[in-house]
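# Overview (structure and organization)
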Amino acid sequence: MVANEQGGYRMQFVIKQRMLAIRDSFFITDVSGNRVLEVKGSLVKIPKRFAIKDVNGNDLLIVRHKLWHFFAHYDVETPEGDVIAKVNAKFSLIKPKFNIQTVEFGNLSIDGSLFSYSYRLLAEDGTVVAQTNKKVLAIRDAYVLDVQDPKTALLSVALAIVFDECNHGKKRNSFWS
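Residues numbered from 1 in each chain as written. Predicted model: local features only at pLDDT ≥ 70, side-chain atom pairs only at ≥ 80, totals over all residues. Heavy atoms only, no water.

## Digging into the pairing of strand β11 (residues 118–122)
Applicable threshold: What makes two strands pair is DSSP finding at least two bridges between them. In DSSP terms, a helix is any run of H or I states spanning at least four residues, a strand is any run of E spanning at least two, and both are numbered starting from the N terminus.
Alignment of strand β10 (residues 106–113) against β11, held across five bridges, turns out to be antiparallel. Each residue of the ladder has a partner; that of Ile110, found in β11, is Leu121. Where β11 meets strand β12 (residues 128–134), four bridges bridge the pair, whose relative direction is antiparallel. Its bridge partner lying in β12, Leu122 is registered against Val128. If you look at the hairpin formed by β11 and β12, you'll find five residues sitting between the two strands, and Gly126 has a positive phi there, around 90°.

Written as structure tokens, this is what we have:
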């Protein structure tokens, strides 16, 4: 944890996609390189699903792609199946836009470029919840996720995985559901 401008603490994660994996898979470390989370995508399951796991392999959150929507639609759920966030892609000609509704933190928005892994996740009042920056000189997709409030850390990781899947998925067209 690192001190933030408001006198509290923020968390920084490095999210790396595994190379040569059969299914979408990410590992998440702290800035010191210690593994803190792992994300495993479903291999053949339809609809696509990602499990965010702790270092012991316990599910913490599930990201589930919802089918039968014109634009991409994802639910973020607890392991018990409670939906804590809904992410819906919206029509846009210039850059991807999303409607992000969360149970605990209200509506969130995105500012920046999802294509270049450089964006900010904003609360309704405009405060930064989290931001990402692509890691320079990385062989594989790697980016730093800087979370301003540790209470939003898991949700911020889940949303980063959703945005990665929508904009950089293997099909490269997964923005359209």
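## So, the pairing of β10
Pairing of strand β9 (residues 97–102) with β10 involves three bridges; the strand directions are antiparallel. Across the sheet, the residue bridging to Gln101 is Asn107, located in β10. Linking β9 to β10, which pair antiparallel, is a turn of three residues.

## Some thoughts on the pattern of salt bridges
Stated formally: Between Lys or Arg on one side and Asp or Glu on the other, a salt bridge is scored when a side-chain nitrogen of the former is within 4 Å of a carboxyl oxygen of the latter. Note on classification: 1.4 Å probe, protein chains only; a residue is buried when its accessible area is under 20% of the maximum for its type, exposed when over 50%, partly exposed between these limits.
With the rule as written, the count across this model stands at seven salt bridges. With a closest N to O distance of 2.6 Å, Asp59 and Lys53 form a salt bridge. Note on Asp59: relative accessible area 29%, which makes it partly exposed. Here Arg64 makes a salt bridge to Glu77, at a shortest N to O gap of 3.0 Å. One end of the pair, Arg64, is in strand β6 (residues 59–65); the other, Glu77, is in strand β7 (residues 73–77), and 13 residues separate them in sequence. According to the relative accessible area criterion, Arg64 is partly exposed, its value standing at 22%. Residue class for Glu77 comes out buried when judged on its relative accessible area of 8%.

## What to know about the packing of aromatic side chains
Where we set the bar: Stacked, tilted and edge-to-face are the three classes assigned to paired rings of Phe, Tyr and Trp, where Trp is represented by its six-membered ring and a pair needs centres within 6.5 Å; plane angles under 30 degrees give stacked, over 60 edge-to-face, the rest tilted. Note on criteria: charge over ring means Lys NZ or Arg CZ within 6 Å of the ring centre, with the direction from the centre no more than 35 degrees off the ring normal.
The tally for this structure, following the rule as stated, stands at two aromatic pairs. Look at Phe98 and Phe163: their rings are 5.0 Å apart centre to centre, the planes differ by 50°, and that puts the pair in the tilted class. Placement of Phe98 in strand β9 and of Phe163 in helix α1 (residues 153–168) is noted, with a sequence separation of 65 residues between them. Summarising the burial analysis for this pair, Phe98 and Phe163 share the class buried. Taken together, a centroid distance of 5.5 Å and an interplanar angle of 90° make the contact between Tyr119 and Phe163 edge-to-face. With Tyr119 in strand β11 and Phe163 in helix α1, this residue pair connects regions lying 44 residues apart in the sequence. Judged by relative accessible area, which is 3%, Phe163 ranks as buried. Aromatic rings pair up to connect Phe98, Tyr119 and Phe163 into one cluster. For Arg35, the ring lying beneath its charged end belongs to Phe27, and the centroid distance is 4.2 Å.

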